[in-house]
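Inside the fold
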Amino acid sequence: MSRTARIERQTSESKVLVEVDLDGTGRHDISTGVGFYDHMLTAFARHALVDLTVQTEGDLHIDAHHTVEDTAIALGQALRQALGDKVGIRRFGDATVPLDEALVQAVVDVSGRPYCVHTGEPEGQQYVVLGGSTNGYLGSLTRHVFETLAFHGHFALHVRVLAGREPHHIVETQFKAFARAFRDAVAIDPRETGIPSTKGAL
């Protein structure tokens, strides 16, 4: 059973290619032109054990918004396509992840019903620019990315920031917690199929 997908998406604002293998090892080849976003997508691939290729060309002369958003649309569509009929998966995943002072819980339900609840970021986080003023990643994009992934991936996602002070840590911990929860949710449940799980421990 191959759980792979390739999505190509082109608009007047961006050109995006995404390839995923849900039964990978965390291999990644990611280039969006937004360095901090590349860092977050790399963290997702590694912690979800998803092989991930992302190649995006966007209108960064305006800002990073379209590039980040359109990449998330294509990634969500690829995750949905790779999941296929979802037969035999665990469906639910729950992870609580620390990064120094930051702590985040993420819960995933691969239900076919898109929904996102995102809470707990400290006031002001949405205005922080990460990665520098040129092609920087605005803090408000984090919620937008998760909402977009949930909508186009057709899963329910709850992300709760339980603690955090450093803006970089707050975002990175959210991506890692989501990745770990997603990894559990899409793993094959041998109790349902008799097929050994392909998701090993790091």
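Residues numbered from 1 in each chain as written. Predicted model: local features only at pLDDT ≥ 70, side-chain atom pairs only at ≥ 80, totals over all residues. Heavy atoms only, no water.

1. A short note on the overall build of the protein chain
For the protein chain, the count of helices and strands is 5 helices and 10 strands. Each of the three principal axes of the protein chain carries a C-alpha extent, and together these read 50 × 40 × 30 Å. Here the protein chain holds 202 residues, and 51% of them are scored as buried. Contacts spanning at least 24 positions in sequence make up 73% of the contacts within the protein chain whose residues lie at least 6 apart. Carbon together with sulfur atoms contributes 49% to the accessible area of the protein chain, which is approximately 9200 Å² in total. A gap of 7 Å separates the mean positions of the 19 positive and 26 negative side-chain charges of the protein chain. (Helix = DSSP H or I, 4+ residues; strand = E, 2+ residues; numbered from the N terminus. Buried < 20%, exposed > 50% of the residue type's maximum accessible area, 1.4 Å probe, protein only. Contact = heavy atoms within 4.5 Å. Areas by Shrake-Rupley, 256 points an atom, 1.4 Å probe, with all protein chains shown as cover. Lys, Arg positive; Asp, Glu negative; His and termini not counted. Charge placed at Lys NZ, Arg CZ, Asp CG, Glu CD.)

2. Structural notes on the pattern of salt bridges
Taken as a whole and assessed by the stated rule, the structure comprises 8 salt bridges. Between Arg9 and Asp70 there is a salt bridge; the shortest N-O distance is 3.3 Å. Remark: Asp70 occurs in helix H2 (residues 65-83) and Arg9 occurs in strand S1 (residues 4-10); sequence separation between them is 61 residues. Take Arg9: its relative accessible area is 24%, and that puts it in the partly exposed class. Glu172 is the salt-bridge partner of Lys176, the closest N and O atoms lying 2.8 Å from each other. Taken as a pair, Lys176 and Glu172 lie in helix H4 (residues 167-186) at a separation of 4 residues, close to a single helical turn. By relative accessible area, Lys176 is classed as buried at 17%. (Salt bridge = Lys/Arg side-chain N within 4 Å of Asp/Glu carboxyl O.)

3. Describing unusual backbone geometry
In this structure, Leu49 is a non-glycine residue whose phi angle is positive, near 55°. Checked against the element boundaries, Leu49 lands in the loop between helix H1 (35-48) and strand S4 (51-58). Residue class for Leu49 comes out buried when judged on its relative accessible area of 7%. You will see that Asp100, though not glycine, has its phi angle at about 55°, which is positive. Assignment of secondary structure puts Asp100 in the loop between strand S5 (92-99) and strand S6 (102-109).

4. Details of the packing of H1 against H4
Their axes nearest at 8 Å, the elements H1 and H4 cross at an angle of 30°. In this view, H1 runs roughly parallel relative to H4, as classed from their interaxial angle. In this structure, H1 meets H4 at a crossing whose hand is right-handed. Contacts between H1 and H4 involve Phe36, His39, Met40, Ala43, Phe44, His47 and Ala48 on the former and, on the latter, His168, Val171, Glu172, Phe175, Lys176, Phe178, Ala179, Arg180, Phe182 and Arg183. (Axes fitted to C-alpha atoms, helices over the stretch in contact; angles between N-to-C directions. Parallel < 35°, antiparallel > 145°, perpendicular 65-115°, else oblique. Left-handed = near helix turned anticlockwise from the far one by under 90°.)

5. A short note on the packing of aromatic side chains
The full count for this structure, using the stated rule, is 9 aromatic pairs. Measuring from centroid to centroid gives 5.4 Å for Phe44 and Phe178, while their planes differ by 15°, and the two rings are stacked. Of this pair, Phe44 sits in helix H1 while Phe178 sits in helix H4, and the two are 134 residues apart along the sequence. Here Phe44 falls in the buried class, since its relative accessible area comes to 1%. Summarising the aromatic geometry, the rings of Phe155 and Phe182 are spaced 6.0 Å apart at their centres and angled 55° between planes, so their arrangement reads as tilted. Separated by 27 residues along the polypeptide, Phe155 in the loop between helix H3 (141-153) and strand S10 (156-163) and Phe182 in helix H4 bring together distant segments of the chain. Since its relative accessible area comes to 0%, Phe155 is described here as buried. Assessed through its relative accessible area of 0%, Phe182 is described here as buried. An aromatic cluster is defined as three or more aromatic residues linked by ring pairs; in this entry it consists of Phe44, Phe146, Phe155, Phe175, Phe178 and Phe182. (Phe/Tyr/Trp six-rings, centres within 6.5 Å; stacked < 30°, edge-to-face > 60°.)

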